Amino acid sequence: MERPEPDGTQPQTVAFYSFKGGHGRTTSLVNVANLCARMGHAVLCIDLDLEAPGLSSLYGLPLETPGFVEYAADVLAKADPPFDPIAVDVDPIGDASGSLHVMPAGRFAGVPREQSAHYWSFMGRGAQEVFSTTPVAEEFWSHVRNSVFEHSVGFDYVFVDLRSGFSPLSLVGLKQWPGSLAIFLSRRVEASEGTRLLLETLPESFFNQPNYDRVCVLTRRPRFLTETEYAREHFEVGTQGRRGQTVMYDDDWLQSIVRERASRVIMQADPEVEAFGYQLIRPTGEILNRPLLDNYLELASRLAPRVFPPAEGRKNTGRDLISTVLQQPADLKVFRRSEEGDFVNFGDMEPNIAFKVETLQNLLDHLCSSINGDLELRLRFRPQTDRGEPAPRPSAEVLEAAGQSSGEAFGRALRDDIFGDNPHVVTPSEEELITRWCEFDSSTGWARLSLEKRRESRDLFLNWCTIRAEYNAFGRRDLRDEPIPGVPPQDLCYFLKGYISGVLTGLIRATTQVVHKKADCMFHRGDVNPCRFLVVVTRNPDARHPEFDGPPMRPQPVGRTDSDPGSATRAREVKSRD
Amino acid sequence: MTEHLDHPGLEFRVETLQNLLDHLCSALNGELDPDAGQIDLSAYPSRSERVLYRAGLSSGQGFGMLLKRDLVASGPASQRPTDEELLAQWCDYDSSTGWSLKLEEERESRHDRVVWCTIRAEENPFGRRDVAGTDAAVPEQNLCPFFCGYITGVTSTLLEADIRVEHPGKLCMFVDRTLAECRFIVSGSRSIRHPLSERG
């Protein structure tokens, strides 16, 4: 029997595969399936990871629920069983009325024991029959597919969870369920290399549909499976979704690796910590820097294009899906970078900004201490600067000092995070480090940061670059129609200025000076974009950029002298006792 | 609570952050008198606390108006959420941003006021001091007045009532470092509207 070809009326099948287990494959399947069902489509999930079933657990189905193994055994016994998946409730988004059905692996555990014994007995004999390339197996899978495709529910999507690794279960799954293939891997070398080898080894003729769509999904784990993930990277919809973290490569990424064997892919980040992007070095020496896309919405959009067809002439990147979701009264609480670089809360579409608690506390402590007179402002109170401009006001000094100390702490943490103790890390250049920091902080809503240009001056042993900050949350003033009565808007860019200086000091371990002229400031210009910060990096303490006013001096607690470093601790102890 | 390179984090609306910093900077620059106007600030002894409360109040009022527009004004009158539902929805909303708010019913009459509920802020980012400080040279400050003002602003705008928020030292993580949460007692000059009586 021939496998029906997709003709627009057949359900679209997507196989979820990973060479190594534990890469978020099943979690992603559940999230994508739930989302499609909630958006009004009929979805079927099949668990073919028969050696390590997971779908029934994720959907809370009882262990004694029959599934694929029982069905397959009956098919092999010519009993002509009905294909009978389990219906699972999913709350719709808005008025959508989709459905979700699950075909679990089967009764692989639990009581009565003979039922699970039957399961494992099938795995010993029946599985060998169906997970092969014999005519019997081909007939079997054709029967299964027809049962699925002709099911009375009329499924729109069939998501198949495949066994990981290089085994008959996984290979036959790859062969029999193409349509789209979502390949999950991490930056662990065993995962990416294994995936590459598998796809290089298999001839195209192995697949029933050779040129099927492949989507590579990079998974960050396991740190992001905790309660303290970034909210912006959550896919948190209560019982309707599960936590996890995926990053989707550009869809031709893996094919590039496979087809360009001389290419090298450089993964520079700690595999368990952060993925900033990747570099593809072509045989010609050309270096391609690729950003990573993220979140389940994009993955769902990529895998389920029928639900959210892309606009004519462009690839579906997920924005169509996101737009569609936003039009619904959804309970999705998703933070995501907008196209403009904002950190948007999809709950209300308001630009947001994320802080480390310690950064926020440091900023507010600086300001409050200064207001209360606990912190001595002995910074740069001069009637005017060397260039004749009015001197910054007290708030400017305090903001800059707060930014400097917050930035230094973060820069050091980021450097430790990038280098860590991972022997596989390729030492990045300073430019790469700065670029990575820009990419990292661009996802927090502070600003859309980028390294605009870079120059070197050997005479001064001094480098300089410009950091471009679009949609700078500290400088933009386009969010409020009217100012708050009695509270004049303040130039908060000084905080970002100090922060940039601090980050770069901590990150590249060099002295930095930052210049932010009014002409380069959104706040002072009164328009939207961008702010520019001139950064001077020097290893020569005598080198000084002509436009630089001097570094911010650290504020000191009142009554403290530099020779009395313990006074702050004592002040804190007194405060604590209060 | 969210995570930022393994550190706890929280999210603000940019507008809220700007409002907070504008208040503080204006006070520092001598452009804002925290004691001006009719607001009762007797519970806040230091100047910074009074500025923080004002900033929180203003931010909360702004956000409360947005929420009210979304939760109340958009639906038909018969579907109007009750006071309790509005409070719960606001807590849900802000909890997703790292503010971690939980609502606890607590009905009690005190003189001319009625205690509506207690807002529990677990690991309150404005009160907790268990995260590593960035700059040991800067004295720690009690930032909870911002939260008090924020809760007052949101609830009074959302519920159209005269709201008072109390946050004594024994319920404050900043003051009592053994606490795992801050608790804010919310009381109103009228009774909370009950679902049944409200919807008839």
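Quick caveat, the model's predicted, so the values are computed rather than measured.

(A) Up close: the overall build of chain A. A count of helical and extended segments in chain A gives 17 helices and 21 strands. The proportion of buried residues among the 578 residues of chain A is 47%. Look at the contacts in chain A between residues 6 or more apart in sequence, and 70% of them connect residues 24 or more apart.

(B) Representation of the overall build of chain B within the structure. Tallying secondary structure elements over chain B gives five helices and six strands in all. In sequence order, chain B lays out its α and β elements as β-β-α-α-α-β-β-α-β-β-α. Looking at chain B alone, contacts between residues at least 24 apart form 63% of all its contacts between residues at least 6 apart.

(C) Local environment of helix 4 (residues 144-159) of chain B. Taking 1.5 Å per residue, 16 residues should reach 22 Å; helix 4 of chain B reaches 22 Å between its end C-alpha atoms and fits that length. Within helix 4 of chain B, 16 of the 16 residues are buried, leaving the element largely enclosed by the surrounding structure.

(D) Layout of the confidence of the model for chain B. Residues and elements named next belong to chain B. Residues with a pLDDT of 70 or more make up 80% of chain B, whose mean pLDDT is 80. When pLDDT is averaged over each element of chain B, helix 4 comes out on top at 93 and strand 1 (residues 2-4) at the bottom at 37. Segment residues 1-6 is flagged for pLDDT under 50; beyond a separation of four residues in sequence, or across chains, it makes 26 contacts in the model. On the interface metric, ipTM, the complex scores 0.87, and its pTM is 0.57.

(E) Structural context of the confidence of the model for chain A. Looking at chain A as a whole, the pLDDT averages 69, with 58% of positions reaching at least 70. Long-range and interchain partners of residues 560-578 of chain A, a stretch whose pLDDT sits below 50, account for 16 contacts in this model, where long-range means more than four residues apart.

(F) Representation of the environment of Cys438(A) within the structure. Residues and elements named next belong to chain A. Mapped onto the fold, Cys438 is located in helix 14 (residues 430-442). In this structure Cys438 comes out as buried when scored by C-beta crowding, with 21 C-beta atoms within 10 Å. Residues Cys438 and Ile467, 29 residues apart in the sequence, show an inter-C-alpha distance of 8.5 Å.

(G) Region of interest: the packing of helix 12 (residues 357-372) of chain A against helix 13 (residues 394-419) of chain A. Residues and elements named next belong to chain A. Contact geometry of helix 12 with helix 13 gives a least axis separation of 9 Å together with a crossing angle of 150 degrees. One finds that helix 12 runs roughly antiparallel with respect to helix 13. For helix 12 against helix 13, the interelement crossing comes out right-handed. Contacts between helix 12 and helix 13 pair Thr359, Asn362, Leu363, His366, Leu367 and Ser370 from the former with Pro394, Val398, Ala401, Ala402, Ser405, Ser406 and Phe410 from the latter. In terms of residue class, the contact of helix 12 with helix 13 is built from seven nonpolar, six polar and no charged.

(H) Focus on unusual backbone geometry. Residues and elements named next belong to chain A. The phi torsion at Asp80 lies on the positive side, around 50 degrees, for a residue other than glycine. With respect to the helices and strands, Asp80 occurs in the loop between helix 3 (68-76) and strand 3 (86-88). What makes Asp80 exposed here is the crowd of 9 C-beta atoms within 10 Å. Look at Tyr471: it is not a glycine, yet its phi comes out positive at around 50 degrees. Position of Tyr471 relative to the elements: it lies in the loop between strand 18 (462-470) and helix 15 (493-508).

Thresholds, definitions, all that
- Residues numbered from 1 in each chain as written.
- Chains lettered and ligands numbered in written order.
- Predicted model: local features only at pLDDT ≥ 70, side-chain atom pairs only at ≥ 80, totals over all residues.
- Helix = DSSP H or I, 4+ residues; strand = E, 2+ residues; numbered from the N terminus.
- Buried ≥ 20, exposed ≤ 12 C-beta atoms within 10 Å, placed from the backbone.
- Contact = placed C-beta atoms within 7 Å.
- Expected span 1.5 Å × (residues − 1).
- pLDDT = per-residue confidence, 0-100.
- Axes fitted to C-alpha atoms, helices over the stretch in contact; angles between N-to-C directions.
- Parallel < 35°, antiparallel > 145°, perpendicular 65-115°, else oblique.
- Left-handed = near helix turned anticlockwise from the far one by under 90°.
- Nonpolar A, V, L, I, M, F, W, Y, C, P; charged D, E, K, R; others polar.

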